[in-house]
Amino acid sequence: MTSQPDFQLQKLILIEEIEQQGHLVMFFPKFHCEINWTEYFWAQCKRYARKHWDYTLAGL
């Protein structure tokens, strides 16, 4: 079914609704930190916490 031309051209209802409001929709891979800035930032935070944590709740 996914190989049918009319099926491939159909947009998701979520995308249609967002675009009707005048916004741009961009989906990123969930855990690809080189593309998704949020994942890159979160990875850096975790790296910093692991390096500086003294393994106490107060230190965290």
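With an unreviewed UniProt entry as reference, the protein chain is termed Tc1-like transposase DDE domain-containing protein, source organism Choiromyces venosus 120613-1.

1. Details of the overall build of the protein chain
Regarding its fold elements, the protein chain presents 3 helices and 0 strands. Ordered by position in the sequence, the α and β elements of the protein chain form the string α-α-α.

2. Brief notes about a nonpolar patch on the surface
Together, Leu12, Ile13, Leu14 and Phe27 make up an exposed nonpolar region whose accessible area comes to about 470 Å². Note on placement: Phe27 falls in the loop between helix H2 (13-20) and helix H3 (37-52).

Cut-offs used in this document
- Residues numbered from 1 in each chain as written.
- Predicted model: local features only at pLDDT ≥ 70, side-chain atom pairs only at ≥ 80, totals over all residues.
- Heavy atoms only, no water.
- Helix = DSSP H or I, 4+ residues; strand = E, 2+ residues; numbered from the N terminus.
- Patch = residues over 30% accessible without salt bridge, like charges linked within 9 Å, V, L, I, M, F, W, Y side chains within 5 Å.
- Areas by Shrake-Rupley, 256 points an atom, 1.4 Å probe, with all protein chains shown as cover.
- Salt bridge = Lys/Arg side-chain N within 4 Å of Asp/Glu carboxyl O.

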